[in-house]
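Here is what each chain is made of, one letter per residue.
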Amino acid sequence: MPLPISSLSSSPTSDWAEAWLSQARPVEPGHHDELRLPNGQLRPVWRALAEQLGTPLAELSRCQEALARQIREDGITYNVYNAAGGSSRPWSLEPLPHLISPEEWPWLERGIAQRADLLNRILVDTYGAQTLLREALLPSALVLGHPGYLRGLQGTQPLGGVYLHVVAFDLARGPDGAWWVVGQRTQAPSGLGYVMQNRLIVSRLFPEAYRALNVQHLASTYRQLLDTISTLAQPCAQGDTPSLALLTPGPYNETYFEHAYLARYLGLPLVEGCDLIVRDDRLFLKTVQGLTPIHGLLRRLDDDFCDPLELRTDSTLGIPGLTQVVRAGNVVLANALGTGFLESPAVHGFLPALSSHLLGEDLILPSLPSWWCGEASAWEAVRPQLARQVIRPTYPLLNTPGGVSARRKGLKETVLGASLTPQEVRAWEEAVDEDPAAYTVQTFMPYGQTPVWSEGGLSLRSASVRVYALSDGRGGWRVLPGGMTRIATRDDGPVSLQLGGSSLDTWVISQEPIDAFSMLPKSIKLEELEQRQRPVASRTGENLFWMGRYTERCEQQLRLAERLISLRAEDDDPEPALLKALSELGVQFGMVPADTPALDRSNRVFERVALEALGDAQAGQGAYSLAFNLSELTRTAQALRERLSPAHARLLRAMAADFQQALRSSGPLDPANLAARVNTVQDALAHLSVQLGAVTGAQSDSMTRDPGWRLLTVGRLIERLHGHAHILKSFWTHQALQQPQGFDQILEMFDSTITFRARFQRRLEVPALVALLVMDDANQRSLACVVRRLRTELGKLPARAGSPADLLALLPHEGVGATLAALCDPVRGHAAVLGLLDRLLEASWRLSDEVGRLYFAHAEPTDSMVSA
């Protein structure tokens, strides 16, 4: 039975409500108070929440810590451009939700749906008959002069006539408590992934209150987004089930986490522009299986960057030829290209008249009063009030005359007039006079303030709510019953995540039954099962391939670092042959620069350089040592967020961070603390060894055996073949196996000491070593086993124009390519081993190149490998 929120308004104030009131700080003058009524009592929805929580407010500090820990563990991030110390920071979320009452939401819902319908109708006319421009209901200069209007798409109607599949509106309360629309996002509205992530975290934090307050669920609205795009894309699919994807700018975008999260939640492949290609006016995804048609794209890439052929030519983020695919009607873009001009603040001033003309009704939700200075009468009317208004750019000011003028005068793009001196106001008037169309003036409105738990008390912060309307593809709209509330960093500061603001979950309280829909589909047709085998994008396959290589490379470097450190503990001086072999491997494995003196010439210099390079993640000294490869492994994992489990992703992030932290804790490297530094490195290597073992287990047992996993395994095996062949070649070339030390070192590097001693005890004979490390098919570290596994995994890769048989031809046809008798021959055995190792090294290089050519580069001479 839903909680009767409205009935609480007449109930006496409870102890919990009194506690909230006593610890809540006063609202800033001129701002609406979301927490309290004018009489000073809690508003009914907040009193209901206080009753349902039923715990001292101090418990919110514990909840805040638990929430922050969950965000760190899940790797939820927000990339802040130009941030000191790196761009990525943990997502900021507060424990208390923002509440919208059941009396307000139906009215807000109607107003949001009305505005979404209006904006879509404006786009239909603007790219069609253009009656609004001819009748001057919308100034031609404002639309046609805006870079967001794409002339190349004039006369092109998207499939189903839907331009806006999802549109976002930023709402805020004025001082009188009325809701106003302060912004709208029509190109690629952000936040849907964060909205769902916020809901999952906060609802689990307060499960009883979430159920008792009858908070509306979100899942069915997300399902409708998928259903709408899929339905509209049916004509493109020509009878097949439409294939959809989510287009992201990539891991350096500020909201990349939510792109990956949303793609996983919706069950869509996450793709970048380089993953897609145009052929015959159709869009295809480059996969390791071949080219797979794409019929619908949920894009998170702004218009400018979508097509370097026709739009922004200096960008590599888009898909060359995408605009032509749109003209041909062969793809559904959500949202359609060319909607960006509606994001201009100048458009708000014309929406009331447009609503009357197109809908025959007044706007339910008002916009902030706006004056486009491109209309002389508007500029003259607002000019005397400039010091009390907000000045915003009409267009992106990058290359407009107004933008050049403003930058020349040292003026910011968006300013609050009241914060300006008289001299600055005059400078702004001159800038507007120089290019009036480039500026829009809006009324300044202090945002309403909502409660936030901060520093042991309830603060009130300025807040705006981003809400979303989604098209049903038939002219109707569904409004997401929730949204993302953003708050300022201080009580009266600006609302901006880029400036360090935070977010709240948004709870829409309802008196109606809760929609219990789940994103899990109820049924699936048999003929869809094969199509549900998700293709592996070529970029994803390449990242998985290199994840395997970096994982193996880190393990080999770790073992070599342990061997180098072990030399300090030897009772006897190491033989020169062993020192030469280890020095050569140090250079080949990237542990030291090529010009470093060898161990047999200056062991102290070699040791110091190796220790310095060990923690150098930037390879500043010319060595690509352990910290560098751990960093590259982390970067590769970042691009695979939608493929990795949260535990696997956390482990990969932790390895690099833990290793660097351990090395930093030992202080600077100098002769005085060299011994302490070595001890710290040993501990760090031991911890890293355990972590790498866990990563190997996750890769082996926690990932689906699809072509992506095959490529990860192939990458790891190629790296192992290359590294182990190098180890053997160095020890053979320098004859480092003539002494027990050499035997022990190479067995440790192959992780085969226990097996060797169990079979051969202490018989340190080279034939026994060859049998175990080269020929033993049961030893996972032996060359024969690596080659056998490579043959198995390569044979299971998807057939392409140059089938797996071509890759298999690069390996020995049987075994390791030599017999044990030949390798152990007392006369020719030494040369036979070196010859075999050279052949296997060449095979590893050529395999790496050919796998990349066949499965990542799509460099076939023809494009006939299109898969249905």
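One can find the structure itself at the top, above this paragraph.
Residues numbered from 1 in each chain as written. Predicted model: local features only at pLDDT ≥ 70, side-chain atom pairs only at ≥ 80, totals over all residues. Heavy atoms only, no water.

Draft legend 1. View of the pattern of salt bridges. All told, the structure shown has 36 salt bridges when counted by the stated rule. The residue Asp-33 makes a salt bridge to Arg-36 at a minimum N-O spacing of 2.8 Å. Exposure class is identical for Asp-33 and Arg-36. Each is buried. A salt bridge links Glu-555 to Arg-781; the shortest N-O distance between them is 2.7 Å. Here the residue Glu-555 occupies a position in helix α17 (residues 538-566), and Arg-781 occupies one in the loop between α26 (766-775) and α27 (783-795), the gap between them amounting to 226 residues. Using a relative accessible area of 15% as the deciding quantity, one classes Arg-781 as buried. Taken together, the salt bridges that share partners define one network made up of Glu-552, Glu-555, Arg-559, Arg-716, Arg-720, Asp-751 and Arg-781. (Salt bridge = Lys/Arg side-chain N within 4 Å of Asp/Glu carboxyl O. Buried < 20%, exposed > 50% of the residue type's maximum accessible area, 1.4 Å probe, protein only. Helix = DSSP H or I, 4+ residues; strand = E, 2+ residues; numbered from the N terminus.)

Draft legend 2. Spatial organisation of the side chain of His-348. Secondary-structure assignment places His-348 in the loop between β12 (332-334) and α13 (351-358). Since its relative accessible area comes to 4%, His-348 is described here as buried. Each residue touching His-348, except ones within four places of it in the same chain, is listed here: Val-181, Val-182, Gly-183, Gln-184, Ser-367, Leu-368, Ser-370 and Gln-442. (Contact = heavy atoms within 4.5 Å.)

Draft legend 3. Looking closely at the packing of helix α24 (residues 740-749) against helix α25 (residues 753-760). Close contact between α24 and α25 brings their axes to 8 Å; oriented N to C, the two are set at 125°. It follows that α24 is oblique to α25 by the angle criterion. In contact with Phe-743, Asp-744, Leu-747 and Glu-748 of α24, α25 contributes Thr-753, Phe-756 and Arg-757. (Axes fitted to C-alpha atoms, helices over the stretch in contact; angles between N-to-C directions. Parallel < 35°, antiparallel > 145°, perpendicular 65-115°, else oblique.)

Draft legend 4. Quick peek at the nonpolar core. Among the nonpolar cores identified, the biggest contains 100 residues, and Phe-659 and Phe-731 are the most heavily contacted of them. At 12 residues, helix α23 (residues 707-733) tops the list of elements feeding residues into this core. Dropping the residues within four chain positions of it, Phe-731 is found in contact with Leu-578, Ala-581, Leu-582, Leu-585, Ala-736, Leu-737, Gly-742, Gln-745, Ile-746 and Met-749. Residues Trp-20, Leu-53, Ala-233 and Ala-260 belong to the second largest nonpolar core, which totals 67 residues. (Core = buried A, V, L, I, M, F, W, Y, C linked by side-chain atoms within 4.5 Å.)

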